[in-house]
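# Structure at a glance
In case you want the letters, here they are:
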Amino acid sequence: MPLKLKIALSGLLLLISSYSVADTSLGIGLSTLGASAKLAQSLSENINLRLEYHGASYDTDGATDGVNYDLDLDLSSVSLLFDWHTLNNGFRVTLGGLYNDNRFSASSNLNSANLEVGDMTFTSAQVGQLQGDISFNSFSPYLGIGWGRAVHQGYSFNFDLGVVFQGKPDVDLRSIGGSLSNNALLLNEIETEERELQDDLGIFDVYPVISFGVTYTF
């Protein structure tokens, strides 16, 4: 877990532990944000506070018009969520936010003889390999609905459906090992390539969350 996430998680744990309400639950889950560990506490009869850590890693691929990329997706986030059981039953509306360290590591595929970087074509020897980091807003609001009480007598099963508003991806690419890696012409086209990759990954601006979990209340 990254250091900044550890600090955020520790602070939120202290916040919850200092709240003098008896009903507390622990849980685990799986979601599109990764595997999760959960701590929840009741604030009133129909409002619960949830603190969750999510994490996972996936390998995938992607492409702009001229470059194929190998993408490593690292999911890592801490969420603080408020559940409001509006109808005094299992249905709830959830508001909150994530400390978001979700990111991609990108590497261009080395199998191509030529690469169209930005608006120009270069040989693979000239470019070497394009490597980069793709990150999102550190704070990302969350809005969702769900079913099941996170704090309930004994075991409780929960389902969530929502979205994380994590904003446009920030793309930082660099050329490694090419004969033109430090050439101004290639560097200018890499900036265009960054914008193209940012547009192609725009589907992650609003990230869908589907979550299943189980909690146990002490």
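Residues numbered from 1 in each chain as written. Predicted model: local features only at pLDDT ≥ 70, side-chain atom pairs only at ≥ 80, totals over all residues. Heavy atoms only, no water.

## Topic: the pattern of salt bridges
Evaluation of the coordinates by the stated rule reveals 8 salt bridges. Across the pair K38 and E52 runs a salt bridge whose closest N-O atoms are separated by 4.0 Å. Here K38 is found in strand β2 (residues 34–42), whereas its partner E52 is found in strand β3 (residues 47–63), with 14 residues between them in sequence. You can call K38 buried: its relative accessible area is 7%. We classify E52 as buried; its relative accessible area is 3%. D133 is paired through a salt bridge with R174; the nearest N and O atoms lie 3.7 Å apart. (Salt bridge = Lys/Arg side-chain N within 4 Å of Asp/Glu carboxyl O. Helix = DSSP H or I, 4+ residues; strand = E, 2+ residues; numbered from the N terminus. Buried < 20%, exposed > 50% of the residue type's maximum accessible area, 1.4 Å probe, protein only.)

## Quick word on the packing of aromatic side chains
Applying the stated criterion to the full structure yields 5 aromatic pairs. With a centroid separation of 4.7 Å and 55° between ring planes, the pair formed by Y155 and Y216 is classed as tilted. Residue Y155 is found in strand β11 (residues 154–165), and its partner Y216 is found in strand β13 (residues 206–217); the two are separated by 61 residues along the sequence. Taking the centre distance of 6.3 Å and the plane angle of 20° together, the rings of F204 and Y207 count as stacked. Owing to a relative accessible area of 12%, Y207 belongs among the buried residues under this scheme. Members of the aromatic cluster, joined through ring pairs, are F104, F204 and Y207. (Phe/Tyr/Trp six-rings, centres within 6.5 Å; stacked < 30°, edge-to-face > 60°.)

## Let's talk about the environment of G162
Mapped onto the secondary structure, G162 falls in strand β11. For G162, a relative accessible area of 12% puts it in the buried group. In contact with G162, other than residues within four places in its own chain, are Y142, L143, G144, Y207, P208 and V209. (Contact = heavy atoms within 4.5 Å.)

## Some thoughts on the confidence of the model for the chain
With 90% of its residues at a pLDDT of 70 or more, the chain has an overall mean of 89. Put simply, helix α1 (residues 3–17) is where the chain has its lowest mean pLDDT, 53, and strand β10 (residues 139–147) is where it has its highest, 97. (pLDDT = per-residue confidence, 0-100.)

## Structural notes on the nonpolar core
Within the largest apolar cluster, 27 residues are counted, with the highest numbers of intra-cluster contacts made by Y69, V117, V127, L130, I134 and L197. For this core, the elements supplying multiple residues, two or more each, are β4 (68–84), β6 (103–108), β7 (114–117), β9 (128–135), β12 (170–177), α3 (184–200) and β13. Considering each element in turn, this core owes the most residues, 5 residues, to β4. Aside from chain neighbours lying at most four places away, what touches V127 is L115, V117, F122, S175, I176, G178, S181 and L186. (Core = buried A, V, L, I, M, F, W, Y, C linked by side-chain atoms within 4.5 Å.)

## A look at the pairing of β10
Along β10, the buried face is formed by S140, Y142, G144 and G146; none of F139, P141, L143, I145 and W147, which line the opposite face, is buried. Pairing of strand β5 (residues 91–100) with β10 involves 9 bridges; the strand directions are antiparallel. Residue pairing in the sheet places R92 in a bridge with G146 of β10. Looking at chain direction, β10 and β11 are connected through 6 bridges and run antiparallel. In the sheet register, Y142 faces β11, and the bridge partner there is V164. The antiparallel hairpin formed by β10 and β11 contains 6 residues in its connecting segment, where G148 sits at a positive phi of about 110°. (Pairing = 2+ DSSP bridges.)

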